[in-house]
Structure formats: C-alpha cells, structure tokens
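Now for the letters of each chain:
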Amino acid sequence: MTASVSFFVPGSPAPQGSKRHVGRGIMVESSKAVGPWRERVALAAHQAMRAVGEPPFAGAVTVHLGFVMPRTKSLPKTKTVAATKRPDLDKLVRACLDSMTAVCFADDSQVVGLRASKRLALPEETPGVHINITEGP
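In this report, the structure presented in the accompanying data block is examined. A quick note: this is a predicted structure, and the numbers were derived from the prediction, not measured.

Describing the overall build of the protein
Here is step 1 of the chain: When helices and strands are counted, the protein shows two helices and six strands.
Here is step 2 of the chain: Moving toward the C terminus, one meets the helices and strands of the protein in the order β-β-β-α-β-α-β-β.
Here is step 3 of the chain: Relative to the globule expectation of 14 Å for 137 residues, the C-alpha radius of gyration of the protein, 16 Å, shows essentially globular dimensions.
Here is step 4 of the chain: Burial statistics for the protein: of 137 residues in total, 36% are counted as buried.
Here is step 5 of the chain: Counting only contacts in the protein whose residues sit at least 6 apart along the sequence, the fraction spanning at least 24 positions is 83%.
Here is step 6 of the chain: Summed over all atoms, the accessible surface of the protein reaches about 8100 Å², with 55% contributed by carbon and sulfur.
Here is step 7 of the chain: The protein carries 18 positive and 11 negative side-chain charges, and their two centres are separated by 11 Å.

Set out below in structure tokens:
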C-alpha cells in the first residue's frame, strides 16, 4: 500500500524569490511575506503528517501542488481569468518544497515527480495551496 498525505494551507501564497547580499556575508530574502508563508506551510505539513501517523518519507515522493491565488477586487464575480500575473509558479513551488523539507521528507531531492498549477480563487473561495504527497514515483 502506498502512503500519502493531503492537506490545505490557507493564506496568500508567497514566492521564494532571490536573496540579496547586504554585506559581511549576510543574505536577506527579497520578499517579506515568504517567511510567514513558509512557517504556515511547515506547520500544516507537520500537523498532517502527525494526523496520519507517518514519519517523514524516506524514499522517492511525488508532490502535487494546487495554488489558489487571491482574486483582485476589480475582477468581476461572474468572470474568472487565468492566473498569468506574478508570482511565478516555480518560485511558489520552491517556497513550499523548502518548507516541507525535514517535515514530510528528509530533503527536497527526494521529489521525483512534481505537478503544480496556479489559478485565481473563485468568488468566496479561500486562497492557499492544496498539497498531496505520495510515496514513490
């Protein structure tokens, strides 16, 4: 039987952007929102892993990430367009994978399969990310 865990992290997904050097070997995240977002993802992952009684996966894993981005107030309630604006999907993925390292798997190099998507939230839908991690390829 293949082990898996699924959970939802509410909130506005934040991208893990570049870091900049500020002197004397100190690096600073370019986004102030990424720290709290990564903490929220790590906490939800820890709770989900504990709820299913799973230790961190030891082998290969496949990860599915479905980002639900906040709607802009100017967008009509009857129309939902594709989420083609920033943030970049790859930076959203990086923030989540780094957050789940040491919680769901020992290292994000264990991720052998990855499926990610982003879309705008439907009216009255909570923004966040749906995460599913399955053992094996």
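What about the side chain of Q110?
Here is step 1 of the chain: Summarising the element assignment, Q110 is placed in the loop between α2 (89–100) and β5 (111–120).
Here is step 2 of the chain: For Q110, a relative accessible area of 13% gives the class buried.
Here is step 3 of the chain: Residues contacting Q110, with those up to four places away along its chain left out, are F57, A58, G59, A60, V61 and F105.

Structural notes on the sheet that holds β5
Here is step 1 of the chain: In spatial order, the strands read β1-β6-β4-β5; together these four strands make up an open sheet with mixed pairing. Pairing within the sheet leaves two strands with one partner each, and these edge strands are β1 (4–10) and β5. Across the sheet, the mean angle separating the axes of adjacent strands is 10° when strand polarity is ignored.
Here is step 2 of the chain: Where strand β4 (residues 61–69) meets β5, nine bridges bridge the pair, whose relative direction is parallel. Looking across to β5, one finds that L65 is bridged to A116.
Here is step 3 of the chain: Packing against the sheet, α2 makes contact with β1, β4, β5 and β6 (128–135), and its axis sits at approximately 125° to β4.

A short note on the pairing of β6
Here is step 1 of the chain: Direction of pairing for β1 relative to β6: antiparallel, over a ladder of seven bridges. Within β6, the residue paired with V9 across the bridge is V129.

Considering α2
Because an α-helix packs 3.6 residues into every turn, residues spaced three or four apart end up facing the same way.
Here is step 1 of the chain: For α2, built from twelve residues, the straight-helix expectation of 16 Å at 1.5 Å per residue is met to within 8% by its first-to-last C-alpha distance of 17 Å.
Here is step 2 of the chain: Those residues of α2 that fall on the buried side of the exposure criterion are L92, V93, A95, C96, L97, S99 and M100.
Here is step 3 of the chain: In this fold, the buried residues of α2 make contact with β1, α1 (34–51), β4, β5 and β6.
Here is step 4 of the chain: Backbone geometry just downstream of α2 places A102 in the positive-phi region, at approximately 75°.

Digging into the packing of α1 against α2
Here is step 1 of the chain: At a minimum axis separation of 8 Å, α1 and α2 run at an interaxial angle of 50°. As far as their axial angle goes, α2 and α1 are oblique. Classified by chirality, the crossing of α2 by α1 is right-handed. On α2, the residues touching V34, W37, R38, V41, A42 and A45 of α1 are A95, C96, D98, S99 and M100.
Here is step 2 of the chain: A breakdown of the residues in the contact of α1 with α2 according to their chemical character gives eight nonpolar, one polar and two charged.

The rules behind these values
Residues numbered from 1 in each chain as written. Predicted model: local features only at pLDDT ≥ 70, side-chain atom pairs only at ≥ 80, totals over all residues. Heavy atoms only, no water. Helix = DSSP H or I, 4+ residues; strand = E, 2+ residues; numbered from the N terminus. Rg over C-alpha atoms; globule rule 2.2 N^0.38 Å. Buried < 20%, exposed > 50% of the residue type's maximum accessible area, 1.4 Å probe, protein only. Contact = heavy atoms within 4.5 Å. Areas by Shrake-Rupley, 256 points an atom, 1.4 Å probe, with all protein chains shown as cover. Lys, Arg positive; Asp, Glu negative; His and termini not counted. Charge placed at Lys NZ, Arg CZ, Asp CG, Glu CD. Pairing = 2+ DSSP bridges. Axes fitted to C-alpha atoms, helices over the stretch in contact; angles between N-to-C directions. Expected span 1.5 Å × (residues − 1). Parallel < 35°, antiparallel > 145°, perpendicular 65-115°, else oblique. Left-handed = near helix turned anticlockwise from the far one by under 90°. Nonpolar A, V, L, I, M, F, W, Y, C, P; charged D, E, K, R; others polar.

Just distances and angles here, no functional claims.
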